[in-house]
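Okay, here's what each chain looks like letter by letter:
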Amino acid sequence: MLKLANTLQKSLLNSTIRNVRTLAPTVNPAEQQKVQAVLPDKLYSSIEIEYRAHDKEVLKSYTTFLQQVCQHLEIAQGRHEVLPYIRWVQPALRSKFVHKKYKLHYETRTHISKLEILNVTGSTASTFLEYIERNIPEGVGMRVGFTELQPLPLTIQN
């Protein structure tokens, strides 16, 4: 019985200690350039960045940051809009159950700004957006919209 257990253990050890080698496929640089030539970079006519915050001064500071980034990276900047704020009021009773005429009003204001970036390639857009998203202040939300340029379909070109 002991001899059978030793042979089973040795056979299991031998089967689990197999050397498995996987090699990453080698890519020829000429083939890599062909693949890059086939997939051109995307072109965006405009990127609309909408950002919101409860504090107006934080929003102004972030707007100047975005404008400075556009200047330093030489990115064409479109219009900048300051939209009207959204006011949210929630009435609440001061006590838990009774005294309905004694109420409190909780109010929040969400300030909104929009900035437009014009005529950018896909790689520039992704780099720019990654940089500004990493440096976004606390309490600021962002929404990004793209307008991509595409060639006309063959049915329309002919």
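Given the structure is predicted, the values throughout are model-derived calculations rather than measurements.

Caption draft 1: Main features of the layout of surface pockets. There is about 150 Å³ of room inside the largest pocket. Taken together, K56, L59, K60, T63, H80, V82, L83, P84, Y85, H111, I112 and S113 make up the full set of residues lining the largest pocket. Each residue belonging to the lining of the largest pocket can be placed in one class, and the counts come to 6 nonpolar, 4 polar and 2 charged.

Caption draft 2: Local environment of the pairing of strand 3 (residues 103–121). Pairing of strand 1 (residues 43–53) with strand 3, which is carried by 10 bridges, proceeds in the antiparallel orientation. The residue of strand 3 that forms the bridge with E48 is E116. Here strand 2 (residues 77–93) runs beside strand 3; their pairing, made up of 13 bridges, is antiparallel. Its bridge partner being in strand 3, V89 is matched across the sheet by E107.

Parameters and conventions
Counting restarts for each chain, with residues numbered from 1 along the sequence as it is written. Restriction of local features to residues with pLDDT of at least 70 applies here, the model being predicted, together with a cutoff of 80 or more for giving and counting side-chain atom pairs; totals for whole chains, interfaces and linings are based on all residues. Derived side-chain values reflect all non-hydrogen atoms in the structure, with water molecules and hydrogen atoms excluded from consideration. In this analysis the probe radius is 1.4 Å and the grid spacing 1 Å, with only protein atoms considered; a cavity is a set of points the probe fits into but cannot get out of, a pocket is an open set with protein on both sides within 12 Å along at least five of seven lines, and lining residues have an atom within 4 Å of a point. Grid points are joined across faces, edges and corners, and a volume is the space filled by probe spheres set on the points. Three residue categories are used. Nonpolar comprises Ala, Val, Leu, Ile, Met, Phe, Trp, Tyr, Cys and Pro, charged comprises Asp, Glu, Lys and Arg, and polar comprises the others, including Gly. When DSSP finds two or more bridges between two strands, those strands count as paired. For helices the rule is a DSSP run of H or I covering at least 4 residues; for strands it is a run of E covering at least 2, with both sets numbered from the N terminus onward.

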